[in-house]
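Observations on chain architecture
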Amino acid sequence: MTNGARPRHGKDERVKPLQTLAMSDALRAQLSAENLLAINSHGQEILHGLDFDESQLFVDCGERPADPSTQQRCAELVIKHERARLRIATVDDERTAGKY
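Overview of the structure. What you are looking at is a predicted structure, and each value in this text was computed from that prediction instead of being measured.

Here the focus is the nonpolar core. Counting 14 residues, the largest nonpolar core has Leu21, Met23, Leu31, Leu37, Leu47 and Val59 as its most contacted members. When contributions to this core are tallied by element, the ones reaching two or more residues are helix H1 (25–33), strand E1 (37–39), strand E2 (45–47) and helix H2 (52–63). Ranked by residue count, the leading element in this core is H2, at 3 residues. Here Leu47 is in contact with Leu31, Leu36, Leu37, Ser55, Phe58, Val59 and His81, once residues within four sequence places are set aside.

Let us look at the pattern of salt bridges. By the definition in use, this model includes 6 salt bridges. Note that Lys80 and Glu54 form a salt bridge whose closest N and O atoms lie 2.9 Å from each other. Here Lys80, found in helix H3 (residues 68–97), pairs with Glu54, found in helix H2; they are 26 residues apart in sequence, far enough to count as distant. When its relative accessible area of 12% is taken as the criterion, Glu54 is described as buried. The partner of Glu82 in a salt bridge is Arg85, with the nearest N and O atoms 3.1 Å apart. You can see Glu82 and its partner Arg85 sitting in helix H3, 3 residues apart, about one turn around the helix. Several salt bridges share partner residues, and in doing so they unite Glu54, Arg73, Glu76 and Lys80 into one network.

Quick look at H2 now. Across its 12 residues, H2 extends 17 Å between first and last C-alpha, which sits within 8% of the 16 Å expected from 1.5 Å per residue. Inspection of H2 places Phe52, Glu54, Ser55, Gln56, Phe58, Val59 and Asp60 among the buried residues, and these make up the whole buried set. Capping the start of H2, Asp51 holds a side-chain oxygen 3.2 Å from the backbone nitrogen of Asp53, two or three residues further along.

Turning our attention to unusual backbone geometry. Of note, Asn35 is a non-glycine position whose phi angle comes to about 55°, a positive value. Position of Asn35 among the secondary structure elements: in the loop between H1 and E1. Judged by its relative accessible area of 61%, Asn35 falls in the exposed class.

Scanning the model with the defined rule gives 1 disulfide in all. Cys61 shares a disulfide with Cys74; S-S distance 1.4 Å. Note that Cys61 is positioned in helix H2 and Cys74 in helix H3, a separation of 13 residues in sequence.

Reading the values: rules and limits
Residues numbered from 1 in each chain as written. Predicted model: local features only at pLDDT ≥ 70, side-chain atom pairs only at ≥ 80, totals over all residues. Heavy atoms only, no water. Core = buried A, V, L, I, M, F, W, Y, C linked by side-chain atoms within 4.5 Å. Buried < 20%, exposed > 50% of the residue type's maximum accessible area, 1.4 Å probe, protein only. Helix = DSSP H or I, 4+ residues; strand = E, 2+ residues; numbered from the N terminus. Contact = heavy atoms within 4.5 Å. Salt bridge = Lys/Arg side-chain N within 4 Å of Asp/Glu carboxyl O. Expected span 1.5 Å × (residues − 1). Polar contact = N/O pair within 3.5 Å; in protein donor to acceptor, adjacent residues only side chain to side chain. Disulfide = S-S within 2.5 Å.

Okay, here's the thing in structure tokens:
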């Protein structure tokens, strides 16, 4: 603005701080290198196909041993995450297939 006033932003336009998953730097580097991390509409770091809480449990399962009931839930999250990854890969293949 030319009069020195700051632009006004509505409540919906405010930048939300990023909420990251708690994980080791090594795991973050690995997941980032494999393009497995995403940011959802709430400004939360997630794994594809999972919400924030599911993503955190998924990470926790990979970094430390889980009790048997948690292991079952972790196995379900692995399947849910892999299905989402396959859907993403399929969409990309269908979009780019015509180019070759």
